[in-house]
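Per-entry structural report
Spelled out, the chains give:
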Amino acid sequence: METLYALAFYFKKGIGLKTIKKFIDKYGSFEAAFKAERLDLKEELLRAEKEIETAERLGVKLFPLTGKEYPPILKKISSPPPVLYVKGKIDKSMAVSIVGSRKCSSYGRKIAYQLASFLSSNGVPVVSGLAYGIDTAAHKGAVESKGVTYAVLGCGIDVNYPSGNSNLREMIVNYGGALISEFPFGTSPSRENFPRRNRIISGLSVATVVVEANENSGALITAGFALDEGRDVFAVPANIDSVFSKGSNKLLKEGAVPLVEFEDIFDEIPYLRKGRDKTYQREIDEKFQPIVDVLLKGDAHIDKIVAESGLPYCEVITLLFELEAEGVVKSDGSRYFLIQGGSFEKGRN
């Protein structure tokens, strides 16, 4: 019944999100608010019944603001969605959002991918918006590392947008993440939906990282929401003459924490370290351990791997080739980084 009344309140014209939150703060539930305020919700309740039927048919879960499954961290923002539409599952682990512009450089995509892979390898879920560009790179970095990622949509959860990411949507759910929306079924993506969507991205996260953003990027709106809610905001430094990074560099000028190394996130937010001991959970042959130890610190050039591992150059090349073949390591030119996955076991030759 609570989900039914939550939807009815949401569908009622003239009642805004902040008013709904005030009702919940005062009465404790949507049903109690309905009875106390004696609102006329007849039409809205009928629509809510149909929405619940559609959710059951599509395998979508509906989480009312007052429900136990609703993410506690999202309840804390000033205007939380009355109902969340969820395809997949949301756990209670502390997450970090990775955001940036749709139009971005290859550098931006690489950093977003590697940062998401790093966080996933440390057991930290990644939140983003499924848009092309930085968002897509972040989601791919997570799922290709067998990590959990949440995609917050600016349309109905049943609307395939952007259409080019339909396979990515499936991967996100299959790897234990979720598609999330506050918009009713059938809602088309529109310009005004995305700023609203952005408050959920930051609201689900203990920190937001802006990888690359131009001056008009919606990622800056997400960062603004994060700051308003007292959450940490990081920005990745980039070329000062790049149009792709004028917005993110401006954030740095205004006080965002520079993300120079991925480990900076754990330095600023120590309680995220809880998953650090599980960074590399797969047991591997001892011959690979020197290389893994180097890459656990972050991506590294081949010369750095040789210097810090103490292994001969030719041996490092051979071992890296094997690690790549098993899906344990990925390369970007002459730089290498760890991803979760692969199938090494201790003692394997």
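Structure shown above.
Overview of the structure.

Some thoughts on empty space enclosed by the protein
Using the criterion set out here, one finds two cavities of 30 Å³ or more in the structure. Here the largest cavity defines a volume of roughly 120 Å³. Forming the boundary of the largest cavity are 12 residues, of which F118, S121, L295, G298 and L338 lie nearest the centre. Taken together, the elements giving at least two residues each to the lining of the largest cavity come down to α6 (106-121) and β12 (335-338). Residues that form the lining of the largest cavity fall into these classes: six nonpolar, five polar and one charged. Around the second largest cavity sit R102, G129, L130, A131, V152, L153, G154, C155, Y161, P162, F194 and R197, which together line it.

Re the sheet that holds strand β10 (residues 300-301)
The three strands are arranged β10-β12-β11 in an open sheet whose pairing can be described as antiparallel. Each having just a single partner strand, β10 and β11 (329-332) make up the two edges of the open sheet. Alignment of β10 against β12, held across two bridges, turns out to be antiparallel. Among the inter-strand pairings, A300 is bridged to a residue of β12, identified as Y336. Along the sheet, α6 contacts β11 and β12; its crossing angle with β12, the most-contacted strand, is approximately 35 degrees.

Structural notes on the packing of helix α14 (residues 302-309) against helix α15 (residues 313-325)
Running from N to C, α14 and α15 point in directions that differ by 115 degrees, and their axes come no closer than 10 Å. Put simply, α14 runs roughly perpendicular to α15. When you trace α14 past α15, the crossing you get is right-handed. Only Y313, V316, I317 and L320 of α15 make contact with α14, whose side of the interface consists of I302, D303, I305, V306 and S309. Each residue belonging to the contact of α14 with α15 can be placed in one class, and the counts come to seven nonpolar, one polar and one charged.

Definitions and cut-offs
Residues numbered from 1 in each chain as written. Predicted model: local features only at pLDDT ≥ 70, side-chain atom pairs only at ≥ 80, totals over all residues. Heavy atoms only, no water. 1 Å grid on protein atoms, 1.4 Å probe; cavity = no way out; pocket = protein on both sides within 12 Å on 5 of 7 lines; lining within 4 Å. Points joined across faces, edges and corners; volume = space filled by probe spheres on them. Helix = DSSP H or I, 4+ residues; strand = E, 2+ residues; numbered from the N terminus. Nonpolar A, V, L, I, M, F, W, Y, C, P; charged D, E, K, R; others polar. Pairing = 2+ DSSP bridges. Contact = heavy atoms within 4.5 Å. Axes fitted to C-alpha atoms, helices over the stretch in contact; angles between N-to-C directions. Parallel < 35°, antiparallel > 145°, perpendicular 65-115°, else oblique. Left-handed = near helix turned anticlockwise from the far one by under 90°.

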